[in-house]
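Given next are the chains, with one letter for each unit.
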Amino acid sequence: MTYEFLQQYWWFLVALLGGILVFLLFVQGGNSLLFSIGRSDEERRLLVNSTGRKWEFTFTTLVTFGGAFFASFPLFYSTSFGGAYWLWMLILFSFVLQAVSYEFQNKLGNLLGARTFQWFLVANGIVGPLLLGGAVATFFNGSNFIVDKDNLVLGGAPIISRWANASHGLDALLDPWNLILAFAVFFLARVLGLLYFINNIDDSAIRSRSRRELKVNAVPFVLFFVAFLVRTLAKDGFAANAETGVITMEPLKYLTNLTQMWYVAAVLAIGIALVLYGIGRTIASKAYAKGIWPAGIGVVLAVCALLLTAGWNGTAYYPSTADLQSSLTIANSCSSEFTLRAMAVVSFFIPFVLAYIFYAWRAIDKKKISKGEIARGEAY
């Protein structure tokens, strides 16, 4: 395993974790629909218990995603998480709010009432996907930061990177194309949440409403995603010279990446097709309730392929709009060869972890959630 191979390998793992994280946002998407799908307290408890059985997976994957970035590409971690901290702090706060809401909404002595904590879940369901989508969009559109590695050898505080303005990441939400991907992720999360409810809850009224809402949310998701994808493939991209490391603007860079990496383009096409199949068949057939699985697998494949397009093939995966040469690439932001090699050995245990998650998921979902379960007190 060469140093270059290890860099590419770890970017693949980060991209895969990113795809899994976006799929698991069905928890947030479902929570954002809590009051439109659930018309009574009993129905809302059904919905909360449906997503409440899986929220730990989403939170753990978010932390693992950040940890993998920190270990393999520490300069990105210090630049983005350290510079754009307002954006990331809002994301983390919304997820902490979610955890608190699940645990305390029906506890004895809850002075705020269950409904207040349910609205907190709705807030997380809206804010979480929107901000995560906006953050991911900066991989293609750039962020406002400056990197100066000479600070390591100069006197004073050894700060390598800094944000070029006082917004500390919130400026990402001022770019309309970042917002387009943000809304695409938001509506995708809602679509996945609805598909999950249809598959997971044994209640005809909730399933019927979920199918109606699926049509309403699928259309804007497709429109926002197609707009972002077409614009990204048509725009100039941030190319990195393999020998000198110099960053230049290259016309149609991301389209070129997909044509040169045909296997990534194939994964992207398969992922998109699976998402559309899961949505389309669920809408077309009232008897079909397993749309979450083709759609979920498709989301993982499509997001992974997009992130590979942003980082592989000599591309700056975190471009700087303040100083082009400060843009981060896989080569100039990664850990040492020793660190990547040591972590590569640990990564071989990932399939066992995924197998455990699959086993735990099946055990949790062995029985569909019903109103009888709520009545027996086996719920949040």
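Structure first, text after, so check above.
Everything numeric here is computed off the predicted structure, so don't read it as measured data.

1. Regarding the overall build of the protein chain
Here is step 1 of the chain: Counting its regular elements, the protein chain contains 17 helices and four strands.
Here is step 2 of the chain: At 21 Å, the protein chain has a C-alpha radius of gyration in line with the 21 Å of a compact globule built from 380 residues.
Here is step 3 of the chain: If you line up the protein chain on its principal axes, its C-alpha atoms span 65 × 45 × 40 Å.
Here is step 4 of the chain: In the protein chain, 77% of the contacts between residues at least 6 apart in sequence involve partners at least 24 apart.
Here is step 5 of the chain: Element-wise, carbon and sulfur atoms account for 69% of the exposed surface of the protein chain, whose accessible area totals about 17,000 Å².
Here is step 6 of the chain: Distance between charge centres in the protein chain, computed from 28 positive and 21 negative side chains, equals 13 Å.

2. Comments concerning the pattern of salt bridges
Here is step 1 of the chain: This structure, assessed with the given rule, holds three salt bridges.
Here is step 2 of the chain: One salt bridge connects R209 with E43, and the closest N-O pair in it is separated by 2.9 Å. Of this pair, R209 sits in helix α10 (residues 204-234) while E43 sits in helix α4 (residues 41-52), and the two are 166 residues apart along the sequence. The pair R209 / E43 is uniform in exposure class, with both members buried.
Here is step 3 of the chain: Between E337 and R341 there is a salt bridge, with its nearest N and O atoms 2.8 Å apart. One end of the pair is E337 and the other is R341, both in helix α15 (residues 337-347) and four residues apart, which spans about a single turn.

3. Topic: unusual backbone geometry
Here is step 1 of the chain: Backbone geometry places L252, a non-glycine residue, at a positive phi of 55°.
Here is step 2 of the chain: In this fold, L252 is placed in the loop between β4 (247-250) and α11 (253-260).
Here is step 3 of the chain: Despite not being glycine, N313 has its phi angle at roughly 60°, a positive value.
Here is step 4 of the chain: Structurally, the position occupied by N313 is in the loop between α13 (292-311) and α14 (330-333).

4. Let's talk about the layout of surface pockets
Here is step 1 of the chain: Here the largest pocket is characterised by a volume of approximately 1,200 Å³.
Here is step 2 of the chain: If you trace the largest pocket, you find 33 residues lining it, with I20, V353, L354, I357 and F358 closest to the centre.
Here is step 3 of the chain: Broken down by secondary-structure element, the contributors of at least two residues to the lining of the largest pocket are α1 (3-24), α5 (55-72), α13, α15 and α16 (350-364).
Here is step 4 of the chain: Grouping the constituent residues of the lining of the largest pocket by class yields 23 nonpolar, six polar and four charged.
Here is step 5 of the chain: For the second largest pocket, the calculated volume is near 580 Å³.
Here is step 6 of the chain: Lining of the second largest pocket is provided by 40 residues; of these, V22, V136, L181, V185 and V303 occupy positions nearest its centre.
Here is step 7 of the chain: For the lining of the second largest pocket, the secondary-structure elements that each account for two or more residues are α1, α6 (74-83), α7 (85-104), α8 (114-141), α9 (176-200), α10, α12 (262-284) and α13.
Here is step 8 of the chain: Top element by residues in the lining of the second largest pocket is α8. It accounts for seven residues.

5. Some thoughts on the pairing of β4
Here is step 1 of the chain: Taken together, the four bridges between strand β3 (residues 237-240) and β4 define a ladder with antiparallel strand orientation. Along β4, the bridge assignment pairs G237 with E250.
Here is step 2 of the chain: The hairpin formed by β3 and β4 contains six residues between the paired strands, and G245 there has a positive phi angle of roughly 80°.

6. What to know about the packing of aromatic side chains
Here is step 1 of the chain: Evaluation of the coordinates by the stated rule reveals 40 aromatic pairs.
Here is step 2 of the chain: With centroids separated by 6.3 Å and ring planes inclined at 85°, the aromatic side chains of F69 and F139 adopt a geometry described as edge-to-face. Pair noted here: F69 is in helix α5 and F139 is in helix α8, with a separation of 70 residues, a long-range link.
Here is step 3 of the chain: The exposure class assigned to F69 is buried, which follows from its relative accessible area of 0%.
Here is step 4 of the chain: Here F76 and Y317 contribute two aromatic rings whose centre-to-centre distance is 6.0 Å and whose plane-to-plane angle is 55°, an arrangement assigned as tilted. Pair noted here: F76 is in helix α6 and Y317 is in the loop between α13 and α14, with a separation of 241 residues, a long-range link.
Here is step 5 of the chain: Under the relative-accessibility criterion, F76 is labelled buried at 1%.

7. Re α13
Here is step 1 of the chain: In this model α13 runs 28 Å from its N-terminal to its C-terminal C-alpha over 20 residues, within 8% of the 28 Å that 1.5 Å per residue would give.
Here is step 2 of the chain: Within α13, 17 of the 20 residues are buried, which leaves the element mostly enclosed by the surrounding structure.
Here is step 3 of the chain: Immediately beyond the C-terminal end of α13, within one or two residues, lies N313, with a positive phi of roughly 60°.

8. Concerning a nonpolar patch on the surface
Here is step 1 of the chain: Side chains of Y85, W86, M89, L90, L92 and L170 sit close together on the surface and give an oily, nonpolar patch of about 550 Å² of accessible area.
Here is step 2 of the chain: Examined against the element boundaries, L92 turns out to sit in helix α7.

9. Quick notes on the nonpolar core
Here is step 1 of the chain: Counting residues in each nonpolar core, the largest one holds 108 residues, and the members touching the most others are W11, F23, F69, F73, F139 and Y317.
Here is step 2 of the chain: Counting residues per element, this core draws most heavily on α9, at 15 residues.
Here is step 3 of the chain: If sequence neighbours within four positions are ignored, Y317 has contacts with W11, F69, F73, F76, F139, A310, G311, L328, T329, I330 and S333.

Rules behind the numbers
Residues numbered from 1 in each chain as written. Predicted model: local features only at pLDDT ≥ 70, side-chain atom pairs only at ≥ 80, totals over all residues. Heavy atoms only, no water. Helix = DSSP H or I, 4+ residues; strand = E, 2+ residues; numbered from the N terminus. Rg over C-alpha atoms; globule rule 2.2 N^0.38 Å. Contact = heavy atoms within 4.5 Å. Areas by Shrake-Rupley, 256 points an atom, 1.4 Å probe, with all protein chains shown as cover. Lys, Arg positive; Asp, Glu negative; His and termini not counted. Charge placed at Lys NZ, Arg CZ, Asp CG, Glu CD. Salt bridge = Lys/Arg side-chain N within 4 Å of Asp/Glu carboxyl O. Buried < 20%, exposed > 50% of the residue type's maximum accessible area, 1.4 Å probe, protein only. 1 Å grid on protein atoms, 1.4 Å probe; cavity = no way out; pocket = protein on both sides within 12 Å on 5 of 7 lines; lining within 4 Å. Points joined across faces, edges and corners; volume = space filled by probe spheres on them. Nonpolar A, V, L, I, M, F, W, Y, C, P; charged D, E, K, R; others polar. Pairing = 2+ DSSP bridges. Phe/Tyr/Trp six-rings, centres within 6.5 Å; stacked < 30°, edge-to-face > 60°. Expected span 1.5 Å × (residues − 1). Patch = residues over 30% accessible without salt bridge, like charges linked within 9 Å, V, L, I, M, F, W, Y side chains within 5 Å. Core = buried A, V, L, I, M, F, W, Y, C linked by side-chain atoms within 4.5 Å.

These results come straight from atomic positions and should not be treated as a statement about function.
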